[in-house]
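Results of the structural survey
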Amino acid sequence: MRIGIDVRYLSHGLTGGVHTYLFHLIPALLQQAAGHELVLYADTKRPFELPDLPPYVTLRLLPYSGSWSSLLNDLLVLRRTAAQDRLDVLHFPANYGFAPAGARSVVTLHDVINLLPLAEIIRGHSKDARTIAAMTYLHICSLASLRRADLVLTVSEHARREIARAGSYELDRIVAVPHAPTPDLHRVDDPNTLAVVRARYGLQQPFVLADGLKNPAVLVRAWALLSEDLRNAHRLIFFARREPPAVVRQAEALGIARVLINPPRADLVVLYSMAAAFVFPSWIEGFGLPLLEAMTCGAPIVASDRGAIPEVVGDAGLLADAEDDVTLARHLRTVLESAAAAAQLRERGFARASQFSWRSNARQVLDLYSQLQRTHKARIDKIETVGKAPNS
């Protein structure tokens, strides 16, 4: 089978959940794809991130000279290049893409956002013309890709149902292939490493760790409901990849929180490992990758019950509604006051995280490619059989 994959996310110097998904799924897939021919489509914006490709993999570098190049590659160049490669299956793992005639199209939609009404999408972003244009383009391309796709992949059962609903797409043509822990994640218990990170960030007391971009206001309200003794004995640590909402800085100004902007990945692993709890009261998640990271590193989980969070956490966390500060405070008291409860959540988290694997995810994707190709071939054979004249 000849398989093409759009991997331009790995030649753009990007970060975030989609990049993490591709950076780990693609190598796991390549390791198991011997016997197939694969063509990877990147571009020349940045150096391609995956070295030492196997001999059965061809890397095609599409031209890139500016932002318009992405649009041309989306709509014309990749499609034309893939047509020349005579693919059986072409996979677009970053929310949209358009396969040439003759190739089965597989699209990974990581969540439902691009399918929502445009006004709802724009509401959550800045209102400058460039951002509105980008959101509009992604919305149109995602909807068009969904209509043309032979198979849609996503990252959770929750996202699968939401995509079927918002995109009016058949549920049985959407398959959930989740994230998995990355190789750098593990519980750090080396005293020297822990001491270095504590000193670097001035962590003199136990702390609760949280993503400063994921509904931090409810955590600040819940924190105020804890006893004074419990608050004095612990600190809130917010990390964020960009400047967080004002409520986070206000908590920092009051001396109850510390804000870490884009800490190094290795430090974040140590922070997860040291945290008395990881709190993730997100309003909506297509998957919730930080939860998997925290469980792998041994942080007890307190989270919201929205989106895909319950299916990711399973029985390894204490859940509350995303706006229920009272229940969130009660869960925090349970974890911070009971070493036994925290230890139980930690062990359940280890067990839950071990159920996710990039290798098994990649095997599932390869099987889906094969199944799609077999179904297509059977359909063609049937058409050819029907079209034959009966023997005279």
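The preceding data block contains the structure.
Residues numbered from 1 in each chain as written. Predicted model: local features only at pLDDT ≥ 70, side-chain atom pairs only at ≥ 80, totals over all residues. Heavy atoms only, no water.

What follows covers the sheet that holds strand β12 (residues 301-304). What links the strands of a sheet is backbone hydrogen bonding, and the strands pair in either a parallel or an antiparallel sense. Taking strand neighbours across the sheet as the criterion, the six strands line up as β10-β9-β8-β11-β12-β13 in an open arrangement whose pairing is parallel. What marks the edges here is a single partner per strand, and that holds for β10 (257-261) and β13 (317-320). Recorded for the sheet is a direction-independent mean angle of 20° between the axes of neighbouring strands. Alignment of β12 against β13, held across four bridges, turns out to be parallel. Its bridge partner lying in β13, Ala303 is registered against Leu319. (Pairing = 2+ DSSP bridges. Helix = DSSP H or I, 4+ residues; strand = E, 2+ residues; numbered from the N terminus. Axes fitted to C-alpha atoms, helices over the stretch in contact; angles between N-to-C directions.)

Another aspect to go through is the environment of Asp321. Positionally, Asp321 belongs in the loop between β13 and α13 (325-337). Along the chain, Asp321 and Val218 lie 103 residues apart, while their C-alpha atoms are 10.0 Å from each other. Those residues within four positions of Asp321 in sequence are excluded, and the remaining contacts are Ser304, Asp305 and Arg306. A distance of 3.0 Å separates a polar side-chain atom of Asp321 from the backbone nitrogen of Glu323. (Contact = heavy atoms within 4.5 Å. Polar contact = N/O pair within 3.5 Å; in protein donor to acceptor, adjacent residues only side chain to side chain.)

Within the largest apolar cluster, 71 residues are counted, with the highest numbers of intra-cluster contacts made by Ile5, Leu29, Leu209, Phe278, Leu291 and Tyr369. With eight residues, helix α1 (residues 17-31) is the largest single contributor of residues to this core. Look past the residues within four positions of Leu291 in its chain and what remains in contact with it is Phe278, Phe280, Ile301, Ala303, Ile309, Val312 and Val313. By size, the runner-up hydrophobic cluster in this structure holds 27 residues, among which are Val248, Ala277, Leu328 and Ala329. (Core = buried A, V, L, I, M, F, W, Y, C linked by side-chain atoms within 4.5 Å. Buried < 20%, exposed > 50% of the residue type's maximum accessible area, 1.4 Å probe, protein only.)

As a packed pair, helix α10 (residues 265-274) and helix α11 (residues 289-297) sit with axes 8 Å apart at the nearest point and diverge in direction by 65°. The handedness of the crossing between α10 and α11 is right-handed. When α10 is examined against α11, the residues Arg265, Val269, Tyr272 and Ser273 are found in contact with a partner set consisting of Pro290, Glu293, Ala294 and Cys297. The residue inventory of the contact of α10 with α11, partitioned by class, reads five nonpolar, one polar and two charged. (Left-handed = near helix turned anticlockwise from the far one by under 90°. Nonpolar A, V, L, I, M, F, W, Y, C, P; charged D, E, K, R; others polar.)

This brings us to the side chain of Asp211. Position of Asp211 among the secondary structure elements: in strand β8 (residues 207-211). We note that Asp211 is buried and unpaired, the nearest opposite charge coming from Arg241 at a distance of 5.1 Å. A distance of 2.9 Å separates a polar side-chain atom of Asp211 from the backbone nitrogen of Leu213. Apart from residues no more than four positions distant in its own chain, Asp211 is found in contact with Phe238, Phe239, Phe278, Val279 and Phe280. (Lys, Arg positive; Asp, Glu negative; His and termini not counted. Salt bridge = Lys/Arg side-chain N within 4 Å of Asp/Glu carboxyl O.)

All right, on to the sheet that holds strand β6 (residues 151-154) then. Sheet architecture is open: seven strands sit in the order β3-β2-β1-β4-β5-β6-β7, paired in parallel fashion. The open sheet has two edge strands with one neighbour each: β3 (57-62) and β7 (174-176). Averaged over all neighbouring strand pairs, the angle between strand axes comes to 20°, with direction disregarded. With three bridges connecting them, β6 and β7 associate as parallel partners. Pairing of Thr154 across the sheet is with Ala176, part of β7. Against the sheet, helix α2 (residues 67-84) touches β1 (2-6), β2 (37-43), β3 and β4 (89-92), its axis set at about 145° to β3.

This part covers the side chain of Gln32. Relative to the assigned elements, Gln32 resides in the loop between α1 and β2. A polar contact is formed between the side chain of Gln32 and the backbone oxygen of Ala28, at a distance of 3.3 Å.

Another point: the packing of aromatic side chains. The final tally for this structure, using the stated rule, is seven aromatic pairs. Pairing Tyr96 with Tyr137 gives two aromatic rings, centres 6.0 Å apart and planes at 85°, and the pair type is edge-to-face. A residue pair is termed long-range when its members are at least 10 positions apart, and Tyr96 in the loop between β4 and β5 (104-108) and Tyr137 in helix α4 (residues 129-148) qualify at 41 residues. According to the relative accessible area criterion, Tyr96 is buried, its value standing at 14%. Taking the centre distance of 6.4 Å and the plane angle of 20° together, the rings of Phe239 and Phe278 count as stacked. (Phe/Tyr/Trp six-rings, centres within 6.5 Å; stacked < 30°, edge-to-face > 60°.)

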